[in-house]
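# Observations on the model geometry
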Amino acid sequence: MKVLITGAGGQLGRALQASAPAHVDVVALDRQALDIADEAAVVALFDETEPDLIINAAAYTAVDRAESDSAEAYRINAQGPGALAAAAAVQRTRFIHVSTDFVFDGSSGAPYAPDHPTAPLGVYGASKLAGEQAVLAAHPQALIVRTAWVYGITGNNFVRTMLRLMAERDEVRVVADQIGTPTYAAGLAQALWTLDAASATGVHHWTDSGAASWYDFAVAIQEEALAIGLLVRKVPVLPIATSDYPTPAARPSYSVLDKRSAIALAGGSAPHWRVHLRDMLGVIKANG
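Let me begin by describing the structure that accompanies this report. (Residues numbered from 1 in each chain as written. Predicted model: local features only at pLDDT ≥ 70, side-chain atom pairs only at ≥ 80, totals over all residues. Heavy atoms only, no water.)

### Quick word on the overall build of the protein
- Secondary structure summary: the protein contains nine helices and 12 strands in total.
- The C-alpha radius of gyration of the protein comes to 19 Å, within 12% of the 19 Å expected for a compact globule of 288 residues.
- Referenced to the eigenvectors of the C-alpha coordinate spread, the extents of the protein come out at roughly 55 × 40 × 35 Å.
- Taking the intrachain contacts of the protein between residues at least 6 apart in sequence as the baseline, contacts between residues at least 24 apart amount to 81%.
- When the accessible area of the protein is evaluated, it comes to approximately 12500 Å², of which 52% is carbon and sulfur surface.
- Between the mean site of the 21 positive side-chain charges and the mean site of the 29 negative ones, the protein shows a separation of 6 Å. (Helix = DSSP H or I, 4+ residues; strand = E, 2+ residues; numbered from the N terminus. Rg over C-alpha atoms; globule rule 2.2 N^0.38 Å. Contact = heavy atoms within 4.5 Å. Areas by Shrake-Rupley, 256 points an atom, 1.4 Å probe, with all protein chains shown as cover. Lys, Arg positive; Asp, Glu negative; His and termini not counted. Charge placed at Lys NZ, Arg CZ, Asp CG, Glu CD.)

### A look at the packing of helix 5 (residues 158-168) against helix 9 (residues 273-286)
- Contact pair helix 5 / helix 9: the axes reach a minimum separation of 12 Å and the direction vectors enclose 60°. Relative to helix 9, the element helix 5 lies oblique. Crossing hand, helix 5 versus helix 9: right-handed. Side by side, helix 5 and helix 9 meet where Val159, Arg160 and Leu163 of the first sit next to Leu277, Met280, Leu281 and Ile284 of the second. (Axes fitted to C-alpha atoms, helices over the stretch in contact; angles between N-to-C directions. Parallel < 35°, antiparallel > 145°, perpendicular 65-115°, else oblique. Left-handed = near helix turned anticlockwise from the far one by under 90°.)

### Let's talk about unusual backbone geometry
- Not every positive phi belongs to a glycine, and Arg92 is a case in point at roughly 55°.
- Mapped onto the elements of the fold, Arg92 is located in the loop between helix 3 (70-90) and strand 4 (94-100).
- Using a relative accessible area of 81% as the deciding quantity, one classes Arg92 as exposed.
- Positive phi is not limited to glycine here, since Ser199 has a value of about 60°.
- Within the secondary structure layout, Ser199 lies in the loop between helix 6 (185-197) and strand 10 (202-205). (Buried < 20%, exposed > 50% of the residue type's maximum accessible area, 1.4 Å probe, protein only.)

### Topic: the pattern of salt bridges
- For the structure shown, the criterion picks out 12 salt bridges.
- The salt bridge partner of Arg75 is Asp35, with a shortest N-O separation of 2.9 Å. Placement of Arg75 in helix 3 and of Asp35 in the loop between strand 2 (25-29) and helix 2 (39-49) is noted, with a sequence separation of 40 residues between them.
- The exposure class of Asp35 is partly exposed, given its relative accessible area of 32%.
- A salt bridge links Glu72 to Arg75; its shortest N-O distance comes to 3.0 Å. Of this pair, Glu72 and Arg75 both sit in helix 3, three residues apart, roughly one helical turn. (Salt bridge = Lys/Arg side-chain N within 4 Å of Asp/Glu carboxyl O.)

### Details of the environment of Gly13
- Note on placement: Gly13 falls in helix 1 (residues 11-18).
- Sequence-wise, Gly13 and Ala185 are 172 residues apart; in three dimensions their C-alpha atoms are separated by 8.7 Å.
- Discounting residues that sit within four places of it in the chain, Gly13 has contacts with Ile5, Gly7, Ala8 and Ala57.

### Brief notes about helix 2
- Buried within helix 2 we find Val42, Leu45, Phe46 and Thr49. The buried residues of helix 2 all sit within an arc of 100° when viewed along its axis, so they share a single face. Summarising the geometry of helix 2, the exposed residues directed more than 90 degrees from the buried face are Ala40 and Glu48.
- The secondary structure elements touched by the buried residues of helix 2 are strand 1 (2-6), strand 2, strand 3 (53-56) and helix 3.
- Following helix 2 by one or two positions, Glu50 adopts a phi angle in the positive range, close to 45°. (Arc of directions from axis to C-beta.)

### Focus on the sheet that holds strand 10
- An order of 2-1-3-4-5-10 is seen for the six strands of this open sheet, with the pairing classed as parallel. Edge strands, defined here as strands with exactly one partner in the open sheet, are strand 2 and strand 10. Here the strands of the sheet are splayed against their neighbours by 20° on average, with no regard to which way each runs.
- With five bridges joining them, strand 4 and strand 5 (residues 143-147) adopt parallel strand pairing. Considered in strand 5, the bridge of Thr100 is made with Thr147. (Pairing = 2+ DSSP bridges.)

Right, dumping it as structure tokens:
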């Protein structure tokens, strides 16, 4: 089976390549190799490669910059997925698109089900929602998987930032009133492969299990890193409010996702976020 992975240079793209089943022939393309919003290039690529499945892990993820760069955010997050989905539909190719918890406004007091009304707070979330709509319009049998708070071994992410700050500073201050679920890219990648094997379609959610604030996540990072010697000293981790750390884009204050439909399709359950955090830090430690 030939699988085309876009956004191959990102955290999820790399994890998808690392976890690809043995029978899969992966064609991995980063943003330099393919502009997903270039319809002609997308069609030519499909004609050349004739993939059985495409997983779109490409995205404009600079949440704050999107507020002043909306045209580019929509080009990559909406126009691009639409072009990929249209080309996939013509060739009857299975299509998986990865979306985000930012399509919700954070006002719910309970985990968001896939069919909960969407209400993005900013350009990033709105552009990702537009991408979902473009995908389903072009390819009704596509699979859309929303996720949240993704981090991985490679790339810039919250875990690596915290490790650096905790090594450099005498204290760190972290927002404590935004609640979500940290999600290990390797676990998400495996879930996507499993959902494809189950022939899943429609909109579903996948994250690790449990919930945490960014402050909770930071405290856990320090505890787990100290336990394996990845950090050598403990520094105070101080909780702050979102209002103490203003950003150009608003974030949902609560974005825990209800993933029961995906679990029913995939079988089993998702590991707790802290288990995956421990795994990830162990890999960093082992790789020096």
